Amino acid sequence: GAVVSQHPSWVICKSGTSVKIECRSLDFQATTMFWYRQFPKQSLMLMATSNEGSKATYEQGVEKDKFLINHASLTLSTLTVTSAHPEDSSFYICSARDPMWGQGGRREAFFGQGTRLTVV
Amino acid sequence: SQQGEEDPQALSIQEGENATMNCSYKTSINNLQWYRQNSGRGLVHLILIRSNEREKHSGRLRVTLDTSKKSSSLLITASRAADTASYFCATGDATNKLIFGTGTLLAVQP
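Quick caveat, the model's predicted, so the values are computed rather than measured.

Within chain A one finds zero helices and 11 strands. Seen in sequence order, chain A has helices and strands lined up from the N terminus as β-β-β-β-β-β-β-β-β-β-β. Taken over C-alpha atoms, the radius of gyration comes to 14 Å for chain A, in line with the 14 Å a tight globule of 120 residues would show. By principal-axis analysis of the C-alpha atoms, chain A measures approximately 45 × 30 × 25 Å. Buried positions account for 52% of the 120 residues belonging to chain A. Long-range pairs, those at least 24 residues apart, make up 55% of the contacts in chain A between residues at least 6 apart in sequence. A total accessible area of about 5,800 Å² is found for chain A, and carbon and sulfur atoms account for 51% of it. One finds the centroid of the 12 positive side-chain charges in chain A at a distance of 2 Å from the centroid of its 10 negative side-chain charges.

Let us now look at the interface of chain A and chain B. Tallying the contact residues gives 23 residues for chain A and 24 residues for chain B. Summed over both partners, the interface of chain A with chain B comes to about 1,800 Å²; 51% of that surface belongs to carbon and sulfur atoms. The interface formed by chain A and chain B holds zero salt bridges in total. In this assembly, chain A and chain B are joined by five residue pairs in polar contact (both at pLDDT 80 or more). The element best represented in the side of chain A that touches chain B is strand β5 (residues 44–51) of chain A, accounting for four residues. In the side of chain A that touches chain B, the residues fall into 10 nonpolar, eight polar and five charged.

This paragraph deals with the sheet that holds strand β8 (residues 71–76) of chain B. Residues and elements named next belong to chain B. The sheet built from five strands is open, its strands ordered β1-β3-β8-β7-β6 with antiparallel pairing. Looking at the sheet topology across the chains shown, the edges are occupied by β1 (6–7) and β6 (55–58). Note that strand β3 (residues 19–24) and β8 share six bridges and pair antiparallel. Residue pairing across strands places C23 opposite S72, the latter belonging to β8.

Turning to the pairing of strand β9 (residues 90–97) of chain A, a few remarks are in order. Residue and element names in this part refer to chain A. The element β9 is largely enclosed, with a buried count of eight among its eight residues. Burial along β9 is two-sided: the residues S90, Y92, C94 and A96 and F91, I93, S95 and R97 are all buried. Here β9 runs beside strand β11 (residues 115–119); their pairing, made up of three bridges, is antiparallel. In the strand pairing of β11, S90 is matched with L117. When β9 meets strand β10 (residues 109–111), the two strands line up antiparallel, connected through three bridges. Looking at the pairing, A96 lines up with F110 of β10.

Per the stated rule, a full pass over the model turns up six salt bridges over all chains. With a shortest N-O distance of 2.7 Å, D88(A) and K66(A) are connected by a salt bridge. With D88(A) in the loop between β8 (76–81) and β9 and K66(A) in the loop between β6 (57–58) and β7 (67–73), this residue pair connects regions lying 22 residues apart in the sequence. With respect to burial, D88(A) and K66(A) carry one shared label: buried. When the shortest N-O distance is used, the salt bridge between D83(B) and R60(B) registers 2.9 Å. With D83(B) in the loop between β8 and β9 (85–92) and R60(B) in the loop between β6 and β7 (61–66), the pair connects residues that are 23 residues apart, well separated along the chain. The exposure class assigned to D83(B) is buried, which follows from its relative accessible area of 7%.

Now for the sheet that holds strand β1 (residues 4–7) of chain A. Residue and element names in this part refer to chain A. Reading across from one edge, β1-β3-β8-β7 is the order of the four strands in this open sheet, with antiparallel pairing throughout. Lying at the two open borders of the sheet, with one neighbouring strand each, are β1 and β7. Strand-to-strand twist across the sheet, computed as the mean angle between neighbouring axes with direction ignored, equals 15°. Sheet topology places β1 next to strand β3 (residues 19–25); four bridges connect them, and they run antiparallel. The partner of Q6 across the bridge, within β3, is C23.

Conventions adopted
Residues numbered from 1 in each chain as written. Chains lettered and ligands numbered in written order. Predicted model: local features only at pLDDT ≥ 70, side-chain atom pairs only at ≥ 80, totals over all residues. Heavy atoms only, no water. Helix = DSSP H or I, 4+ residues; strand = E, 2+ residues; numbered from the N terminus. Rg over C-alpha atoms; globule rule 2.2 N^0.38 Å. Buried < 20%, exposed > 50% of the residue type's maximum accessible area, 1.4 Å probe, protein only. Contact = heavy atoms within 4.5 Å. Areas by Shrake-Rupley, 256 points an atom, 1.4 Å probe, with all protein chains shown as cover. Lys, Arg positive; Asp, Glu negative; His and termini not counted. Charge placed at Lys NZ, Arg CZ, Asp CG, Glu CD. Buried area = accessible area lost by both parts, 1.4 Å probe. Salt bridge = Lys/Arg side-chain N within 4 Å of Asp/Glu carboxyl O. Polar contact = N/O pair within 3.5 Å; in protein donor to acceptor, adjacent residues only side chain to side chain. Nonpolar A, V, L, I, M, F, W, Y, C, P; charged D, E, K, R; others polar. Pairing = 2+ DSSP bridges. Axes fitted to C-alpha atoms, helices over the stretch in contact; angles between N-to-C directions.

Take a look at the structure:
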């Protein structure tokens, strides 16, 4: 299957600083990527849909200025958590749509390995 | 946003037994997918069932879908210790935006 790589796998930062998380599709082009957030022992909550070359679409309740998403190329989307606070500590996961999406009914999403953010 | 509930929240079984997880959702869907997540890791796609399908098999996995009840079930047969993980259902719309259920934590005792 297609490979999605997330970097870093974990990061610790001081309160008030910004952190950038990268999501790369390694062997395919991803026009659409998705960013999720997961609290311990909870489900994934969709934060936003990242579209190459255009603005991201945020889910209700997600602060656009807090979580900046940039999808400047067909293989890279970035999520920047600005002015991070301890309550932003979470597991952030990205996914990319199957490059063959829609063909033969393929609707699979490929996920990165996740980034654990701890804000101290 | 979260689509629906999964039950049970946690399930502990012995190796060799079957494990059944249920998922309910709220809105109309294009497809329903099941994913597996090992602790602290990303998700791995297991199986997809389209809204016009009722049952699907893949190896030891069997998925059913009842759109009238807005529910799905995942059956893992002959479970192994390596099946220990969290399992999530996710409903997909026409844009493949996935909304995840609450998840079931499966523990398979050797």
